[in-house]
Amino acid sequence: MNILIIGSGGREHAFAWKLVQSPRLSKLFIAPGNAGTASCGTNVNLSVTDFKGIGEFVLKNDIRMVVVGPEDPLVKGIHDYFLADAKLKDVPVIGPQKEGAQLEGSKDFSKRFMLRHHIPTAAYETFSRETLDKGLDFLGTLKPPYVLKADGLAAGKGVVIPHTLEEAKTELRAMLSDAKFGDASSKVVIEEFLHGIELSVFVLTDGISYKLLPSAKDYKRIGNGDTGPNTGGMGAVSPVSFADAAFLKKVEDRIVKPTVEGLKKDKINYKGFIFIGLMNCAGEPFVIEYNCRMGDPETEAVLPRIESDLLDLFEGVATETLASRSYKTDPRTATAIMLVAGGYPGTYENGKSIEGLENLKGSLIFHAGTESKNGKVLSKGGRVIAVTSLAQTMRASLDLSYENAEKIKYEGKYFRTDIGKDLEAN
Ligand code: AMP
Ligand code: GLY
């Protein structure tokens, strides 16, 4: 079977690495891909939202499955585009249609979904420009810190957590009246602040049954000790030590099952990944957010722990036979360390020559932002390379990942040196 992966990050390299291990794969294509995915298949120079170009490529190359990595094409309706075309409608797309993708594309939609299906989440209210005054009054009834979320996609920047009422009011005005995040903040969700430790669980569903994938913890801030600005993610650990069997049972019973059932009840035909961001509040799980895709860098730690054939699972999703597919995980711990460009998440330069990739032993290397040019691997993006290792203990896994992270050289290289430290202390 020929498969096309949509995307160009570490997540898509991890998908490519996993899918080429399947005996059922014939040819693999990645659009647009990076220097790493080029070692697993053929990169195709198409933008992730060029649905027409993607559709034509699929027909010309006898592609029998499309796996969508990032949220943007899903929220914009790539799956719907395929279903609406007589020639493309039978090509399975792994990733929800536009309506299901609203779980990530609209915070207001996802909060209403959780409320309707009794899924534990922070109390909230939604405001628009017309109800700005009510929003300002509502802030006055809450205790700090305040959580303000732009309703739509805002490149991961749409959540603001001010610590004083004054700042919260200024922020709400900026989002609603001054369109701080453009259309994305034409509605704003204000919610209760949840105290606890964050982690994520991942679900693969065919709309009928589901597989609960390994849990992971992401490290979002640029600096050690969770300091400095937010990034796309600086590292990931899977499994998460504090997410024991009892906690995960609560997650499955109170959150995962009602989510999959809720989609069914709402007649939303969902085929793909659900990424559930959780807060563990003194042992009780609450949903912070849904994403309609896998996480990055979480995928780089989660996929290496899945022993089953991912293509077989995807076929189960496509044909609604996921329940009968075998699913096995590796009990070892995976840690992924993200190497980023100097200056990231602020301004940074591309085109730095990356050396030392050939001398690495014992880790998996997932390219996040790279390209090949004249036989060299150059950086092309803020997040450049993820180094993942699997070992019996988290400490051994981290030692290996950090040893190899040191060996990779490029001008301005930076990475956090405290991934997993908080979990060791627990
Ligand atoms: P989101 O995009 O909804 O995941 O929010 C981004 C980050 O803001 C989360 O990863 C949390 O660290 C934080 N956050 C979001 N909602 C809450 C909440 N209700 N209470 C505490 N922190 C939150
Ligand atoms: N690492 C967080 C995300 O993929 O949204």
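Details of the structure are given in the entry above.
My aim in this report is to walk through the structure given alongside it, one point at a time. Not measured: the values here are computed from a predicted model.

The next point concerns the overall build of the chain. In terms of regular secondary structure, the chain is built from 13 helices and 21 strands. Over its C-alpha atoms the chain spans a radius of gyration of 21 Å, differing by no more than 12% from the 22 Å that the globule rule assigns to 426 residues. For the C-alpha atoms alone, the extent of the chain along its principal axes is close to 60 × 50 × 45 Å. By residue count, 57% of the 426 residues in the chain fall in the buried class. Restricting to contacts in the chain with at least 6 residues of sequence separation, those with at least 24 account for 69%. With 53 positive and 55 negative side-chain charges, the chain shows a separation of 2 Å between the mean positions of the two kinds.

Attention shifts here to the sheet that holds strand 7 (residues 147-150). Spatial ordering of the open sheet is given by 6-9-7-8, a layout of four strands whose pairing is antiparallel. The open sheet has two edge strands with one neighbour each: strand 6 (124-128) and strand 8 (159-160). In this sheet, strand 9 (residues 187-191) lies alongside strand 6 in antiparallel orientation, the contact comprising five bridges. From the neighbouring strand, Ser 128 faces strand 9, where its bridge partner is Lys 187. Along the sheet, helix 7 (residues 132-140) makes contact with strand 6, strand 7 and strand 9, crossing strand 6 at roughly 150°. The strands touched by helix 8 (residues 165-176) within the sheet are strand 6, strand 7, strand 8 and strand 9, with strand 7 carrying the most contacts at an inclination of about 10°.

Residues in close proximity to ligand 1 total 15 residues, the closest being Glu 191, Glu 192, Leu 194, Glu 198 and Glu 289. Taking Lys 107, its side chain carries an N or O atom lying 3.1 Å from an oxygen atom of ligand 1. A distance of 2.4 Å separates an oxygen atom of ligand 1 from a polar atom in the side chain of Glu 198. Coverage of ligand 1 by the protein amounts to 86% of the 470 Å² it exposes when considered alone. When the residues that make up the shell around ligand 1 are grouped by side-chain class, the tally is eight nonpolar, no polar and seven charged.

Another point: the site of ligand 2. Taken together, the neighbourhood of ligand 2 is formed by Asp 218, Gly 232, Phe 275, Arg 293, Gly 295, Asp 296, Pro 297 and Glu 298. A distance of 2.9 Å separates a nitrogen atom of ligand 2 from a polar atom in the side chain of Asp 218. Separating a nitrogen atom of ligand 2 from a backbone N or O atom of Gly 232 is a distance of 3.0 Å. Protein contact buries 86% of the 200 Å² of open area that ligand 2 shows by itself. Grouping the constituent residues of the shell around ligand 2 by class yields two nonpolar, two polar and four charged.

By secondary structure assignment, the location of Leu 88 is in the loop between helix 4 (78-83) and strand 5 (93-94). For the pair Leu 88 and Arg 64, spaced 24 residues apart in sequence, the C-alpha separation works out to 9.6 Å. Setting aside residues up to four positions removed in sequence, Leu 88 forms contacts with Gly 55, Val 58, Leu 59, Tyr 81 and Phe 82.

The next point concerns the sheet that holds strand 5. Reading across the sheet, the five strands line up as 3-2-1-4-5 and stay open at both edges, with parallel pairing between neighbours. Sheet topology places strand 3 (42-43) and strand 5 at the edges, where each strand pairs with a single neighbour. In the sheet, strand 4 (residues 63-68) pairs with strand 5 via two bridges, with the strands oriented parallel. Note on strand 5: the bridge partner recorded for Val 67 is Ile 94. Docked against the sheet, helix 2 (residues 51-60) engages strand 1 (2-7), strand 2 (28-32) and strand 4, running at close to 165° with respect to strand 1.

We now examine the packing of aromatic side chains. Tallied over the full model, the rule gives 12 aromatic pairs. Centre to centre, the rings of Phe 51 and Tyr 81 are 5.8 Å apart; their planes meet at 50°, and the pair counts as tilted. With Phe 51 in helix 2 and Tyr 81 in helix 4, this pair connects stretches of sequence that are 30 residues apart. Under the relative-accessibility criterion, Phe 51 is labelled buried at 12%. Geometrically, the ring pair formed by Phe 127 and Phe 138 is tilted, given 5.5 Å between the ring centres and 40° between the ring planes. Of this pair, Phe 127 sits in strand 6 while Phe 138 is found in helix 7, placing the two residues 11 residues apart along the sequence. The pair Phe 127 / Phe 138 is uniform in exposure class, with both members buried. In textbook terms, an aromatic cluster arises when at least three aromatic residues are bridged by ring pairs, as seen for Phe 15, Phe 273 and Phe 314. Note that Lys 217 overlies the ring of Tyr 219, its terminal NZ or CZ placed 4.4 Å from the centroid.

Once that is clear, we can look at the side chain of Ser 185. By secondary structure assignment, the location of Ser 185 is in the loop between helix 8 and strand 9. A residue is classified by how much of its surface remains accessible, and Ser 185, at 1% relative accessible area, is buried. Among the polar contacts made by the side chain of Ser 185, one reaches the main-chain carbonyl oxygen of Met 175 at a distance of 2.8 Å. A polar contact is formed between the side chain of Ser 185 and the backbone nitrogen of Phe 181, at a distance of 3.2 Å. What Ser 185 contacts, discounting residues up to four positions off in sequence, is Ala 150, Met 175, Leu 176, Ala 179 and Lys 180.

Conventions and cut-offs
- Residues numbered from 1 in each chain as written.
- Chains lettered and ligands numbered in written order.
- Predicted model: local features only at pLDDT ≥ 70, side-chain atom pairs only at ≥ 80, totals over all residues.
- Heavy atoms only, no water.
- Helix = DSSP H or I, 4+ residues; strand = E, 2+ residues; numbered from the N terminus.
- Rg over C-alpha atoms; globule rule 2.2 N^0.38 Å.
- Buried < 20%, exposed > 50% of the residue type's maximum accessible area, 1.4 Å probe, protein only.
- Contact = heavy atoms within 4.5 Å.
- Lys, Arg positive; Asp, Glu negative; His and termini not counted.
- Charge placed at Lys NZ, Arg CZ, Asp CG, Glu CD.
- Pairing = 2+ DSSP bridges.
- Axes fitted to C-alpha atoms, helices over the stretch in contact; angles between N-to-C directions.
- Near = heavy atom within 4 Å.
- Polar contact = N/O pair within 3.5 Å; in protein donor to acceptor, adjacent residues only side chain to side chain.
- Areas by Shrake-Rupley, 256 points an atom, 1.4 Å probe, with all protein chains shown as cover.
- Nonpolar A, V, L, I, M, F, W, Y, C, P; charged D, E, K, R; others polar.
- Phe/Tyr/Trp six-rings, centres within 6.5 Å; stacked < 30°, edge-to-face > 60°.
- Lys NZ or Arg CZ within 6 Å of the ring centre and 35° of its normal.

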